[in-house]
Amino acid sequence: MMKRREILEWLREDDPRALARLERAADRLRREHVGDEVHLRGLIEFSNHCDRSCAYCGLRAGNRGLKRYRMSQDEIVACALHASRLGYGTVVLQSGEDHGFTVDWMAEVIRGIKSRTGLAVTLSLGERADRELLAWRQAGADRYLLRFETSNRSLYERIHPAQPGQDRDRLAMLRGLRQMGYEVGSGVMVGIPGQTYEDLATDIELFRELDLDMIGVGPFIPHPRTPLGRPVPAWLAPSDQQVPGDVAMTCKVIALARLVCPDANIPSTTALATLARSAGREPGLAWGANVIMPNLTPPRYRLRYDVYPGKATTHAPSRGGDRRIRAVITANGRTVGTGRGDSPNWLRRESGRREAG
Ligand code: SAH
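This is a predicted model, so every value here is computed, not measured.

Asker: Before we move on, could you go through the overall build of the chain and cite the residues and values that matter?
Answerer: Regarding its fold elements, the chain presents 14 helices and eight strands. Computed over the C-alpha atoms, the radius of gyration of the chain is 19 Å, within 12% of the 21 Å expected from 2.2 N^0.38 for a compact globule of 357 residues. Pairs at least 24 apart in sequence give 80% of the contacts found in the chain among residues at least 6 apart. Carbon and sulfur atoms make up 51% of the accessible area of the chain, which totals about 15,200 Å². Between the mean site of the 53 positive side-chain charges and the mean site of the 43 negative ones, the chain shows a separation of 5 Å.

Asker: Please give an account of the pairing of strand 2 (residues 90–95) that cites residues and values.
Answerer: Most of strand 2 is tucked away, with six of its six residues classed as buried. Of the two faces of strand 2, both are covered, the one formed by Thr90, Val92 and Gln94 as well as the one formed by Val91, Leu93 and Ser95. Considered for its hand, the β-α-β crossover made up of strand 1 (residues 37–47), helix 3 (residues 73–85) and strand 2 is right-handed. Of the pairings in the sheet, the one linking strand 2 to strand 3 (residues 120–124) comprises five bridges and is parallel in character. In the sheet register, Val91 faces strand 3, and the bridge partner there is Val121. In this fold, strand 2 hands off to helix 4 (residues 103–116), which returns the chain to strand 3; that crossover is right-handed.

Asker: So what's going on with the nonpolar core? Residues and values would help.
Answerer: Residues Met106, Leu123, Trp136 and Phe207 are the most contacted members of the largest nonpolar core, which totals 96 residues. A total of eight residues in this core trace back to one element, the largest contributor, which is helix 9 (residues 247–260). Filtering out sequence-adjacent residues up to four positions away, Met106 remains in contact with Phe46, Leu93, Phe101, Leu123, Leu125 and Trp136.

Asker: Can you tell me about the side chain of Arg281, naming the residues and giving the values?
Answerer: With respect to the helices and strands, the residue Arg281 is situated in the loop between helix 10 (270–276) and helix 11 (282–286). In contact with Arg281, not counting residues within four places along its chain, are Ser268, Thr269, Thr270, Ala273, Ile292, Met293 and Thr313.

Asker: An account of helix 14 (residues 344–355) is requested, with residue identities and associated values reported.
Answerer: For helix 14, built from 12 residues, the straight-helix expectation of 16 Å at 1.5 Å per residue is met to within 8% by its first-to-last C-alpha distance of 17 Å. The complete set of buried residues in helix 14 reads Asn345, Trp346 and Glu350. Each buried residue of helix 14 sits inside an arc of 125° when the element is viewed along its axis, so together they form one side. The elements touched by buried residues of helix 14 are helix 5 (130–138) and strand 5 (183–190). Trailing helix 14 by a residue or two, Gly357 shows a phi angle of about 80°, which is positive.

Asker: Can you break down the site of the ligand residue by residue, with the values?
Answerer: In the vicinity of the ligand lie 19 residues, with Tyr56, Ser95, Arg147, Glu149 and Ile221 positioned nearest. Interatomic distance of 2.9 Å between a backbone N/O atom of Tyr56 and a nitrogen atom of the ligand. One nitrogen or oxygen atom from the side chain of Arg170 is found 3.2 Å from an oxygen atom belonging to the ligand. Considering only residue class, the shell around the ligand consists of 10 nonpolar, five polar and four charged.

Asker: Explain the packing of helix 8 (residues 197–210) against helix 9 to me, using residue names and the numbers behind them.
Answerer: Axis separation between helix 8 and helix 9 bottoms out at 9 Å; the angle between their running directions is 35°. Judged by the twist between their axes, the crossing of helix 8 over helix 9 is right-handed. When helix 8 is examined against helix 9, the residues Tyr197, Leu200, Ile204, Phe207 and Arg208 are found in contact with a partner set consisting of Met249, Val253, Leu256, Ala257 and Val260. Residues that form the contact of helix 8 with helix 9 fall into these classes: nine nonpolar, no polar and one charged.

Asker: So, the environment of Ile110: which residues are in play, and what are the values?
Answerer: If you trace the backbone, Ile110 turns up in helix 4. By relative accessible area, Ile110 is classed as buried at 0%. For the pair Ile110 and Ile76, spaced 34 residues apart in sequence, the C-alpha to C-alpha distance is 9.6 Å. Setting aside anything within four residues of it in sequence, one finds Ile110 in contact with Val121, Leu123, Trp136, Ala139, Gly140 and Ala141.

Asker: An account of helix 5 is requested, with residue identities and associated values reported.
Answerer: Three or more residues of helix 5 are buried, namely Glu132, Leu133 and Trp136. Buried residues of helix 5, viewed axially, fall in a sector of 95°; they line one side. The exposed set on the far side of helix 5, more than 90 degrees from its buried face, consists of Arg131 and Gln138. Packing partners of the buried residues in helix 5 comprise helix 4, strand 3, strand 4 (143–145) and helix 7 (170–179).

Asker: Lay out the layout of surface pockets in plain terms, naming residues and giving numbers.
Answerer: The computed volume of the second largest pocket comes to approximately 220 Å³. Contributing to the lining of the second largest pocket are 16 residues, with Arg153, Tyr156, Arg168, Asp169 and Arg170 lying nearest its centre. Within the residue set of the lining of the second largest pocket, elements represented by two or more residues are helix 6 (153–159) and helix 7. Among the elements that take part in the lining of the second largest pocket, helix 6 stands out by supplying three residues, more than any other.

Asker: Give a detailed account of the pairing of strand 3, specifying residues and quantitative values.
Answerer: Burial of strand 3 is extensive: five of the five residues sit out of reach of the surface. Burial of strand 3 is two-sided: the residues Ala120, Thr122 and Ser124 facing one way and the residues Val121 and Leu123 facing the other way are all buried. One ladder, built from two bridges, connects strand 3 with strand 4; its direction is parallel. Along strand 4, the bridge assignment pairs Leu123 with Tyr144. Regarding the hand of the β-α-β motif, the stretch spanning strand 3, helix 5 and strand 4 is right-handed.

Cut-offs applied
- Residues numbered from 1 in each chain as written.
- Predicted model: local features only at pLDDT ≥ 70, side-chain atom pairs only at ≥ 80, totals over all residues.
- Heavy atoms only, no water.
- Helix = DSSP H or I, 4+ residues; strand = E, 2+ residues; numbered from the N terminus.
- Rg over C-alpha atoms; globule rule 2.2 N^0.38 Å.
- Contact = heavy atoms within 4.5 Å.
- Areas by Shrake-Rupley, 256 points an atom, 1.4 Å probe, with all protein chains shown as cover.
- Lys, Arg positive; Asp, Glu negative; His and termini not counted.
- Charge placed at Lys NZ, Arg CZ, Asp CG, Glu CD.
- Buried < 20%, exposed > 50% of the residue type's maximum accessible area, 1.4 Å probe, protein only.
- Right-handed = clockwise from strand over helix to strand, strands pointing away.
- Pairing = 2+ DSSP bridges.
- Core = buried A, V, L, I, M, F, W, Y, C linked by side-chain atoms within 4.5 Å.
- Expected span 1.5 Å × (residues − 1).
- Arc of directions from axis to C-beta.
- Near = heavy atom within 4 Å.
- Polar contact = N/O pair within 3.5 Å; in protein donor to acceptor, adjacent residues only side chain to side chain.
- Nonpolar A, V, L, I, M, F, W, Y, C, P; charged D, E, K, R; others polar.
- Axes fitted to C-alpha atoms, helices over the stretch in contact; angles between N-to-C directions.
- Left-handed = near helix turned anticlockwise from the far one by under 90°.
- 1 Å grid on protein atoms, 1.4 Å probe; cavity = no way out; pocket = protein on both sides within 12 Å on 5 of 7 lines; lining within 4 Å.
- Points joined across faces, edges and corners; volume = space filled by probe spheres on them.

Next up, the structure:
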């Protein structure tokens, strides 16, 4: 088991030969534990309404310049049918923290997809009440993604102010989701202003402690219409402590995530592809990732799902995008995943659960 000191050393390593060893180790572990298949998850960004004021995210309630949308139930189900026709095993329904739809509305969407397709349904809707999460699990939702963003409490509170009168702890929510039988995903942003190497090492240790089924890691990309979109005040972190939010650092964190959670499903994220420019999804795939989430949001809504600027998939037409992603997968000696692509971790847990009755 990797020690904290080793994690920190890797995070600070900048010798290319040493880093090539890390890449190879992560790639080997990826192959041994989750194979050469790259699973495709169709991403449906169905609403950009958000009640929160996260300092990093362009969907924040305070961003008045953003035209808000919420897709209809029929539009969402149609996107899922499209994913199914493309041969994907999963759809991911993602939104801002939108309290403008009811528990039943979302449950109907989930049932609509589950009754018409064999797709696994992943939700990524932010912080929700247990009764909602339970209702959606009972409606057929399979997985939930909720990044804890950073393990540093004071940094987290600074960038992710709590709702007045509410204190929904993301770590507690992740444990609750697991008990409800969800396959559970979390993750962090790399390079948040004020985030140190020590913080990032703790994040990686927390991946292991939470025994995550899915781990999403992407670089922080400043959004000009947010409080973190302006140059960072020097007092936030001494510069030799501040983690850079670049491609190399994000790839390191993906590799370390693979080393501490070898069975997890790990995406090569869109934020990473955005910074990697023409290299796109390839660096992530090479450093331990085994999942890609092609964007299936109807093009007319995409620009408005403005989490951070320059998103790699904003202009990619759904069909061409799909062909290109398949070509990248095979060109890198990998195969396109078939079936739901559940994490081995979760499958083991579920069979244990069934045996226990
Ligand atoms: N509202 C939901 C899901 C939407 S945001 C939630 O909060 O869980 C999905 C992820 O995008 C967030 O978890 C965050 O890690 C990432 N993100 C948000 N703003 C970002 C930015 N400026 N740069 C990079 N990633 C960002």
